[in-house]
Protein chains: 2
Amino acid sequence: MASLRGMQQPELSKKLFKIIKSENHAIGAYESASRERISIASQLSDWGEATGDDSVSDVSDKLGVLLSELGEQEDVFAQNLEDYRGILKQIRNTESSVQPSRIHKAKISDEIAKLKYKEPESTKIVQLEQELVRAEAQNLVAEAQLTNITRQKLKEAYDLHFAATIERAEKQIMLARHGRRLLNLLDDTPVVPGDTRPAFEHAHQARQVLNDAEEDLRDWAPNLEPIHSSATEMGSNLMPPQAGTADTSVSGQEEESMIRAGESSTGQLEAPAPPEHRGYGESSTVAQPEAASSY
Amino acid sequence: MASLRGMQQPELSKKLFKIIKSENHAIGAYESASRERISIASQLSDWGEATGDDSVSDVSDKLGVLLSELGEQEDVFAQNLEDYRGILKQIRNTESSVQPSRIHKAKISDEIAKLKYKEPESTKIVQLEQELVRAEAQNLVAEAQLTNITRQKLKEAYDLHFAATIERAEKQIMLARHGRRLLNLLDDTPVVPGDTRPAFEHAHQARQVLNDAEEDLRDWAPNLEPIHSSATEMGSNLMPPQAGTADTSVSGQEEESMIRAGESSTGQLEAPAPPEHRGYGESSTVAQPEAASSY
């Protein structure tokens, strides 16, 4: 099914479509690493118990707890990457919906050129030229929306990606450092045949390592350089706040065409977009989900 | 092939055999994540170029460089885990080779018990009891070697595992923080239709971010709480330095049996060990590969 949808992707969104697909594989790899790590953690605890050596048993059991938490963090990371991937989809959907506007404009230009060559006196030329003005206006809106969404969402997506990378890393460093403390509780002085190992003396300290790890995880909070955005005021039409309102004159375009396109009253733009995308005016899949519901 | 070998594993090493197999899957997952991440990095750079927006193009190209390095670090991590996995194998191999010594001892005890019941006057009983003393001595050596290797290598394996976790995490934090600096160079102020975006003003700063990231990676050095080991002096017979020499009396065991077992002159112990394992006295797969070659 995914490959069928891939074949339907408009040219403009093909690259991002492929990236989003590759991210799905990357996320799958992290989920798989998480599952294996958690499974190994519990196997290690079992193995330690089976050695019949109470020091190895206690240390491996607690190593298992830390390893299992390391594995959980891989899964948290994968889920955060899933959110980042969702933001890339918003750019891709806008790309998909801009494509027909480009094609429509080019098609009318072509028709005019052909007619001018074959029937230079045709009255249809005037009609097509009027249509071209509207198509150009519509496309200008679409292209502005595309650049606005692209920049805003690119920053948002990688803000999330890098924040997730840092979160996994900081938490795993804490866990691994506590793991190293645990290892130092295991005495590996070699014994001679017939010697029995003394009982494990550090059970309390080992328990304390886990408590400390839990506390560190609980107290962890992100400490990130903020990503600044100037797109937060963007309207549901994916334009700056003042754009698209009747009393604003925009770059010499006819206001009527502008607003029509901005409100997505033309069926053309919506048709080939993926089902979840609802066209320009309703930016519910893109910027302000709440605002869109009132349309 | 792996599953055939699995069926041949002695009971004692089954759990660790399975852990080592699972680690192989975990390592594969990290290798796969690395490949996907590196591929996505280059796709992102291509996509940015195709947008025709020179700010997006420059920023996405440099994001690609950082993302690719993040992916490389996943692979470095996977290779370090491969080394850790190799250390677990050393414990597993010792476990495999101790199993027959346990079986041998139990078998002789059984035979004696049976004979005492069926033919209490048999002269074979005395002979078997002598054999049992030797088997017990041999097994005591094997068990001491097993506990010595288990503790030493368990610490060594997870020392490596946690060090690798911390290395990946510290390097990825540096890369992700530089990534966030890059994002702040991209202006996402929304434009109105017909506006053209100003040229990208931060090309120099973007280049500087990459230079800083490269420098940070180059300057990185591990900063770890050391794992203490008391097993560093262990001899090639997997015993403390003084053990196994003729002038040391060990725990009431007959010295002759001790040394024989320690030198692995009995074929019994070696037979069912995996091909790469060469028995006790030669600890080449375990502790001192150099020392073993002089045997």
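Residues numbered from 1 in each chain as written. Chains lettered and ligands numbered in written order. Predicted model: local features only at pLDDT ≥ 70, side-chain atom pairs only at ≥ 80, totals over all residues. Heavy atoms only, no water.

A closer look at the overall build of chain A
The cut-off we apply is this: Only DSSP runs of H or I reaching four residues or more are called helices, and only runs of E reaching two or more are called strands; each is numbered from the N terminus. Classification of residues uses two cut-offs on accessible area relative to the type maximum, computed with a 1.4 Å probe and protein chains only: under 20% is buried, over 50% is exposed, and between them is partly exposed. We call two residues in contact whenever any of their non-hydrogen atoms come within 4.5 Å of each other.
Helix and strand counts for chain A stand at seven helices and zero strands. Written out in order from the N terminus, the α and β elements of chain A read α-α-α-α-α-α-α. Taken across its 295 residues, chain A has 52% of its residues classed as buried. Restricting to contacts in chain A with at least 6 residues of sequence separation, those with at least 24 account for 76%.

Comments concerning the interface of chain B and chain A
We count it as follows: Once two parts are put together, the accessible area they lose, assessed with a 1.4 Å probe and summed over both, is termed the buried area. The salt bridge definition used is simple: a Lys or Arg side-chain nitrogen within 4 Å of an Asp or Glu carboxyl oxygen. N or O atoms closer than or at 3.5 Å make up a polar contact, with two conditions inside protein: a donor-capable atom paired with an acceptor-capable one, and, for residues adjacent in sequence, both atoms drawn from side chains. Classes in brief: Ala, Val, Leu, Ile, Met, Phe, Trp, Tyr, Cys and Pro nonpolar; Asp, Glu, Lys and Arg charged; the others, Gly included, polar.
At the junction of the two partners, chain B supplies 87 residues and chain A supplies 87 residues. Between chain B and chain A lies a buried interface of about 8,200 Å² when both sides are counted; carbon and sulfur atoms form 62% of it. At the junction of chain B with chain A, the criterion picks out ten salt bridges. A salt bridge links E23 of chain B to R37 of chain A; the shortest N-O distance between them is 2.7 Å. Applying the counting rule to chain B against chain A returns 47 residue pairs in polar contact (both at pLDDT 80 or more). Elements with a contribution of two residues or more to the side of chain B that touches chain A: α2 (14-50), α3 (54-118) and α4 (124-183) of chain B. Residue contributions to the side of chain B that touches chain A peak at 28 residues, all from α4 of chain B. Residue classes in the side of chain B that touches chain A are distributed as 43 nonpolar, 22 polar and 22 charged.

Some words on the packing of helix α4 (residues 124-183) of chain A against α3 of chain B
Heads up, the condition is: Every axis in this analysis is a line fitted to C-alpha atoms, fitted for helices over the stretch in contact. Angles between the N-to-C directions lie between 0 and 180 degrees. Should an angle lie under 35 degrees it is considered roughly parallel, over 145 roughly antiparallel, and from 65 to 115 roughly perpendicular; all remaining angles are considered oblique. Working rule for handedness: look at the near helix, and if it is turned counterclockwise from the far one by less than a right angle, call the crossing left-handed; if clockwise, right-handed.
Running from N to C, α4 of chain A and α3 of chain B cross one another at 20 degrees; their axes reach a closest spacing of 12 Å. The orientation of α4 of chain A relative to α3 of chain B falls into the category roughly parallel. Of the two elements, α4 of chain A crosses α3 of chain B, and the hand of that crossing is left-handed. Side by side, α4 of chain A and α3 of chain B meet where T150, R151, L154, Y158, H161, F162, T165 and R168 of chain A of the first sit next to S55, V56, L63, L67, L70 and E74 of chain B of the second.

What about the environment of I166 of chain B?
Assignment of secondary structure puts I166 of chain B in helix α4. Residues I166 of chain B and Q145 of chain B lie 21 residues apart in sequence; the distance between their C-alpha atoms is 31 Å. When sequence neighbours within four positions are dropped, the list of residues in contact with I166 of chain B reads I173, A176, R177 and R180 of chain A together with L224 of chain B.

Topic: the relation of the copies chain B and chain A
Both copies of the chain are related through a single rotation about an axis accompanied by a shift along the same axis. Applied cut-off: Overlaid copies result from least-squares superposition on C-alpha atoms, with residues included only where pLDDT is at least 70 in both.
Expressed as a screw operation, the relation of chain B to chain A combines 0.0 Å of axial shift with a rotation of 180 degrees, fitting to an RMSD of 0.2 Å. What we have between these two chains is a two-fold relation. For chain B, the minimum C-alpha distance to the rotation axis belongs to A169 of chain B and amounts to 2.2 Å. Taken together, the interface assignments show that 100% of the residues at the interface of chain B recur at the interface of chain A, consistent with an identical surface on both copies.

Quick look at α3 of chain B
Which entries qualify depends on this criterion: Multiplying 1.5 Å by the helix residue count minus one yields the expected span of that helix.
Here α3 of chain B is 65 residues long and its end C-alpha atoms lie 95 Å apart, about the 96 Å a rise of 1.5 Å per residue gives. At the N-terminal end of α3 of chain B, a side-chain oxygen is found 3.0 Å from the backbone nitrogen of S55 of chain B, two or three residues along, and the residue is D53 of chain B.

What about the environment of S34 of chain B?
Positionally, S34 of chain B belongs in helix α2. Setting aside chain neighbours within four positions, we find S34 of chain B in contact with G71, E72, E74 and D75 of chain B.

Here's the deal with the UniProt feature "coiled-coil region" (unreviewed entry) in chain A
Let me state the cut-off plainly: UniProt positions are given in the numbering used here, feature names are shortened, and annotations may be inferred rather than shown by experiment.
As annotated by UniProt and renumbered to match this structure, "coiled-coil region" (unreviewed entry) occupies residues 125-152 of chain A. Across residues 125-152 of chain A, helical content stands at 100% and strand content at 0%; the span's end C-alpha atoms are separated by 40 Å.

Here we look at the packing of aromatic side chains
Pairs of aromatic rings are described using the distance from one ring centre to the other and the angle between the two planes. All names here are of chain A. Our working rule: Between rings of Phe, Tyr and Trp, where Trp is taken as its six-membered ring, a pair exists when centres lie within 6.5 Å; planes separated by under 30 degrees are stacked, by over 60 edge-to-face, and by other angles tilted.
For the structure on display, the rule yields six aromatic pairs over all chains. With a centroid separation of 6.1 Å and 50 degrees between ring planes, the pair formed by Y158 and F162 is classed as tilted. Highlighted residues: Y158 and F162, both in helix α4, separated by four residues, approximately one helical turn. Across the pair, exposure class does not vary: Y158 and F162 are buried alike.

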